[in-house]
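Descriptive structure summary
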Amino acid sequence: MATNGNQLETEEQFQEIITRYPTEQRYIMPIMHDLRNRYHYLPRKALEMAAAHLQVPLSQVYSMATFYKAFSLIPRGRVRLKTCDGTTCHIKGSQTIIEEVYKNLGIRPGETTPDREFSLETVNCIGACAIAPALIVNDKVYGKVTAASLKTIIREYGGRENE
Ligand code: FES
């Protein structure tokens, strides 16, 4: 049920964002931030258009886009679910969280719902082992997550369960 989604973004929108900036190499970061803020990731086509507009090699744009953790080349949701898959969380049931997210939202780690509302990632230990299994939703940490509490969390962020 994952998507690369292309209906939520158009070349016209990319153009509108990119051409706010003059043709100078130093504007690549502001453009990438604007793209990220709007789409929660950096669409490939937008990076190509930015490279052309700023007259910088596409390889240079990609190397910046992949260097900074704040940027992603794959779509992310408005609500980013990050399950901790460190050793303690793994033992305490992080796999259950992953399965429950799939049951509720139809996405696996690395995927995003078609409406771009939710995405799921796994991360290494976040230092909250005492409350394992842990889940981060955007920047908020939830501990001792169960199937039931996960449903509540998803609802809290506007998610609807799969029928
Ligand atoms: S292993 Fe998950 S918080 Fe440490």
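Residues numbered from 1 in each chain as written. Predicted model: local features only at pLDDT ≥ 70, side-chain atom pairs only at ≥ 80, totals over all residues.

**Things to note about the domain arrangement of the protein chain**
Entries for the protein chain in the domain assignment read domain 1 (11-67) and domain 2 (79-156). Spacing between the C-alpha centres of domain 1 and domain 2 amounts to 31 Å. (Domains from an automatic or database assignment.)

**Re the pairing of strand S1 (residues 79-84)**
In this structure, S1 lies alongside strand S2 (residues 118-123), joined through six bridges in parallel fashion. When the bridges of S2 are listed, Leu81 appears paired with Leu120. Pairing between S1 and strand S3 (residues 135-137): three bridges, direction antiparallel. Along S3, the bridge assignment pairs Thr83 with Leu135. (Pairing = 2+ DSSP bridges. Helix = DSSP H or I, 4+ residues; strand = E, 2+ residues; numbered from the N terminus.)

**A look at the environment of Gln15**
Locating Gln15 in the fold gives a position in helix H1 (residues 11-18). Under the C-beta neighbour-count criterion, Gln15 is labelled partly exposed, with 13 such atoms within 10 Å. For the pair Gln15 and Gly158, spaced 143 residues apart in sequence, the C-alpha to C-alpha distance is 31 Å. (Buried ≥ 20, exposed ≤ 12 C-beta atoms within 10 Å, placed from the backbone.)

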